[in-house]
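Residue-level listing of the chains:
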Amino acid sequence: MSALRISEAAHLLGVSDDTVRRWIDAGKLASVTDGGRTAIEGAELARFARATADDTAAPGAVAQASARNRFTGIVTAVLRDTVMAQVELQ
């Protein structure tokens, strides 16, 4: 899986770049060095998003357009069978 830059991870988590840096400094989020830049492995970001997810959060605003292919988030699990697949997003 590819590594994400801090700004990309922050965007997916809905926080600022500085918040992601603080989580890295505090040891809450593991980072790697990718081409001289601090980055976060995709699997690690998915694990962190799952661990910090707030199930009681209010859902976002409902858009007037179709939601197909417009979800922003991190895929944290995929369950497949012969008929369909269930995708979990954080």
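The structure reproduced in this document is the subject of the present report.

Here is what the cut-offs are and how they apply
- Residues numbered from 1 in each chain as written.
- Predicted model: local features only at pLDDT ≥ 70, side-chain atom pairs only at ≥ 80, totals over all residues.
- Heavy atoms only, no water.
- Axes fitted to C-alpha atoms, helices over the stretch in contact; angles between N-to-C directions.
- Helix = DSSP H or I, 4+ residues; strand = E, 2+ residues; numbered from the N terminus.
- Parallel < 35°, antiparallel > 145°, perpendicular 65-115°, else oblique.
- Left-handed = near helix turned anticlockwise from the far one by under 90°.
- Contact = heavy atoms within 4.5 Å.
- Nonpolar A, V, L, I, M, F, W, Y, C, P; charged D, E, K, R; others polar.
- Phe/Tyr/Trp six-rings, centres within 6.5 Å; stacked < 30°, edge-to-face > 60°.
- Buried < 20%, exposed > 50% of the residue type's maximum accessible area, 1.4 Å probe, protein only.
- Core = buried A, V, L, I, M, F, W, Y, C linked by side-chain atoms within 4.5 Å.

## Focus on the packing of helix 1 (residues 6–13) against helix 3 (residues 42–52)
Between two packed helices, the angle of one axis relative to the other and the distance separating the axes together describe the packing. Interhelical geometry of helix 1 versus helix 3 gives an angle of 30 degrees and a closest axis separation of 11 Å. Taken together, the axis directions place helix 1 and helix 3 in an arrangement best described as roughly parallel. Crossing angle aside, the handedness with which helix 1 passes helix 3 is right-handed. Every residue of helix 3 that contacts helix 1 at A9, L12 and L13 is listed here: L45, F48 and A49.

## Some remarks on the packing of helix 1 against helix 2 (residues 17–25)
Put simply, helix 1 and helix 2 touch, their axes get as near as 8 Å, and they point 105 degrees apart. If you check the angle between helix 1 and helix 2, you find them roughly perpendicular. Here I6, S7, A10 and L13 of helix 1 lie close against helix 2, whose contacting residues are D17, V20, R21, W23 and I24. Of the residues belonging to the contact of helix 1 with helix 2, the class tally is 6 nonpolar, 1 polar and 2 charged.

## Looking at the packing of aromatic side chains
For the structure shown, the criterion picks out 1 aromatic pair. For the pair W23 and F48, a centre-to-centre distance of 4.8 Å together with 50 degrees between the ring planes defines the contact as tilted. Here the residue W23 occupies a position in helix 2, and F48 occupies one in helix 3, the gap between them amounting to 25 residues. With a relative accessible area of 21%, W23 lands in the partly exposed category.

## Observations concerning the nonpolar core
Judged by nonpolar contacts, the single largest core of 13 residues is most densely connected at V20, I24, L29, I40, L45 and I74. When residues of this core are assigned to their parent elements, the largest contribution, 4 residues, is made by helix 3. The contact partners of I24, leaving out residues within four places of it in the chain, are I6, L29, S31, T38 and I40.

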